[in-house]
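Per-entry structural report
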Amino acid sequence: MPALPNPEYLKIEDNEKQILKLLDQLVLAPRVKALEWSHVTKQTPNMKIGYPGQHLASLITGVHGSRTGARGDDLEDGSEVKSCSRVDQLDSCKDCSNKVLRIEAVCPHCGSENLKRMDDSKWLFTVKTEDELKLLTEDIERVFLTIADYPNFSANDFETIRFQAFEIWNTDVRHEHFKTIMSNYYYKIFLEHIKKNPNKTPAPKNFWPYSYQFYLCNPIKVFQATVSDANTEPKVEIDLFVDPSKDRSELTAESMPTSLINMDELKILSMEENRNIIEPQLNSGTFDDLRDLTEKKTINKKKLVQLLPFINQDARALLDLRDTDKIAIAKTAYKRR
Ligand SMILES: [Zn+2]
């Protein structure tokens with residue numbers, strides 16, 4: 001199944017050099033200035049990644065913008081671009097619930113160091129009609145997802161920022177769950193809400209980066225850059241750049257951390273018939289050690305992550321979307337085995 005960018009639209013050259021320049025001029029340098037002003041104004045620096053996201057998408061893919069800004073036609077080749085930034089999200093105080101800026105080490109209202117740092121921005125998909133659903137999941141060939149976040153967020157490292165881009169191709173069967181997820185949203189959530197409350201527009205579909213459903217869509221990473229000393233003297237390193245003309249069907253989909261799976265899914269992975277797929281992915285221990293984890297009531301996640309930290313696309317093909325993510329009709333239409 002093809003996931004091949006149309007060479008006719010590849011018009012931007014010197015991509016990596018231009019990406020570095022764009023990140024510096026449009027994102028990082030203005031943000032350092034905004035951070036300086038934040039100390040004075042106590043306003044969030046609010047790096048708006050939405051618009052630079054479109055620029056970045058063009059430089060990464062080599063494809064010009066469509067000039068219209070119309071839905072489902074963000075790039076000239078018809079690709080849809082979605083951007084998400086987890087950088088400079090507004091935080092809050094766990095003790096007094098007031099808002100706290102990322103640059104503030106203690107709550108300015110009560111002095112508490114007990115802060116809730118936010119890291120929950122996601123990609124939003126609006127699907128309001130059957131036509132929009134068809135456009136998003138059939139007519140559009142490529143869905144291009146960009147994200148800016150902190151790779152060391154859990155260590156409270158807000159000096160290192162990472163930019164990534166992933167692709168999902170509606171033309172390639174390995175991404176078929178994307179259609180199921182969006183159809184599920186439209187038929188089961190959007191239309192049901194409208195039925196109950198015709199005057200209220202339902203919330204868009206939240207597509208969560210790094211979630212179980214994200215990995216089951218087999219996203220292909222085509223770009224990654226890491227910025228060090230981001231808040232003072234940003235230095236950008238491009239970690240991954242996939243040639244815009246490269247056939248995406250030859251690329252490996254992202255590995256999924258097993259910390260995301262539940263007991264039912266672990267039981268499937270540790271079935272004897274799946275030994276040949278799982279065994280080569282073990283990091284330590286044996287396949288039988290993995291199966292032993294299913295004997296308990298709950299998964300020992302620490303042990304699981306030691307044995308089998310990630311699973312690849314082949315292992316994910318053994319798993320299905322969770323019931324909340326699929327509709328009854330899709331269940332049969334997309335049955336794999
Ligand atoms: Zn407080």
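Conventions we followed
Residues numbered from 1 in each chain as written. Predicted model: local features only at pLDDT ≥ 70, side-chain atom pairs only at ≥ 80, totals over all residues. Helix = DSSP H or I, 4+ residues; strand = E, 2+ residues; numbered from the N terminus. Rg over C-alpha atoms; globule rule 2.2 N^0.38 Å. Buried ≥ 20, exposed ≤ 12 C-beta atoms within 10 Å, placed from the backbone. Contact = placed C-beta atoms within 7 Å. Pairing = 2+ DSSP bridges. Axes fitted to C-alpha atoms, helices over the stretch in contact; angles between N-to-C directions. Parallel < 35°, antiparallel > 145°, perpendicular 65-115°, else oblique. Nonpolar A, V, L, I, M, F, W, Y, C, P; charged D, E, K, R; others polar. Expected span 1.5 Å × (residues − 1). Bend = angle between axes of the 7 residues up to and from the residue.

Focus: the overall build of the protein
Along its length, the protein carries 11 helices and 12 strands. Scaling as 2.2 N^0.38, a compact globule of 337 residues should have a C-alpha radius of gyration of about 20 Å, and the protein matches this with 22 Å. For the protein, the spread of C-alpha atoms along the three principal axes comes to 60 × 50 × 50 Å. Taken over 337 residues, the protein has a buried fraction of 31%. Taking the intrachain contacts of the protein between residues at least 6 apart in sequence as the baseline, contacts between residues at least 24 apart amount to 69%.

Considerations on the sheet that holds strand 7 (residues 161-169)
Strand order in the open sheet formed by five strands is 1-6-7-9-10, and the pairing between neighbours is mixed. With partners counted over all chains shown, the strands left at the sheet margins are strand 1 (80-85) and strand 10 (235-241), one partner each. The average angle at which neighbouring strand axes cross in this sheet is 15°, direction not considered. Pairing analysis gives eight bridges linking strand 6 (residues 142-149) to strand 7, with the strands arranged antiparallel. Paired with Phe144 across the bridge in strand 7 is Glu167.

Overview of the environment of Cys107
Counting through the fold element by element, Cys107 comes out in the loop between strand 3 (99-100) and strand 4 (115-116). As for Cys107 and Val222, which are separated by 115 residues in sequence, their C-alpha atoms are 39 Å apart. Beyond its immediate sequence surroundings of up to four residues, Cys107 is in contact with Cys93, Asp95, Cys96, Asn98, Val100, Ser112 and Leu115.

Describing the packing of helix 3 (residues 130-139) against helix 4 (residues 176-196)
The interhelical angle for the contact between helix 3 and helix 4, taken along N-to-C directions, is 170°, at an axis separation of 10 Å. As far as their axial angle goes, helix 4 and helix 3 are roughly antiparallel. Across the interface between the two elements, Leu133, Leu136 and Thr137 from helix 3 touch Phe178, Lys179, Met182, Ser183 and Tyr186 from helix 4. Here the residues of the contact of helix 3 with helix 4 are counted per class, giving five nonpolar, two polar and one charged.

Comments concerning the sheet that holds strand 4
Sheets are built from strands that pair by backbone hydrogen bonding, the pairs being arranged parallel or antiparallel. If you trace the three strands from one edge of the open sheet to the other, you get 3-2-4, paired in antiparallel fashion. Bordering the open sheet on either side are strand 3 and strand 4, each of which pairs with just one other strand. Taken together, the two bridges between strand 2 (residues 91-93) and strand 3 define a ladder with antiparallel strand orientation. Looking at strand 3, one finds that Ser92 is bridged to Lys99.

Things to note about helix 1 (residues 15-41)
With 27 residues, helix 1 should reach 39 Å at 1.5 Å per residue; the first-to-last C-alpha distance of 37 Å fits that figure. In the structure, helix 1 departs most strongly from a straight axis at Asp24, where the bend amounts to approximately 40°. Three or more residues of helix 1 are buried, namely Ile19, Leu23, Val27, Leu28 and Arg31. Directly beyond the C-terminal end of helix 1, a positive phi value near 60° is found at Lys42.

Observations concerning the pairing of strand 9 (residues 220-228)
Alignment of strand 7 against strand 9, held across seven bridges, turns out to be antiparallel. Counterpart to Gln164 in the pairing with strand 9 is Gln224. Pairing of strand 9 with strand 10, which is carried by six bridges, proceeds in the antiparallel orientation. By the bridge assignment for strand 10, Val227 is matched with Val236.

As for unusual backbone geometry
Positive phi, normally seen in glycine, also occurs at Ser97, with a value near 65°. Inspection of the secondary structure puts Ser97 in the loop between strand 2 and strand 3. Of note in this structure, Asn218 is not a glycine but carries a positive phi near 55°. A residue is classified by how many C-beta atoms lie within 10 Å of it, and Asn218, with 24 of them, is buried.

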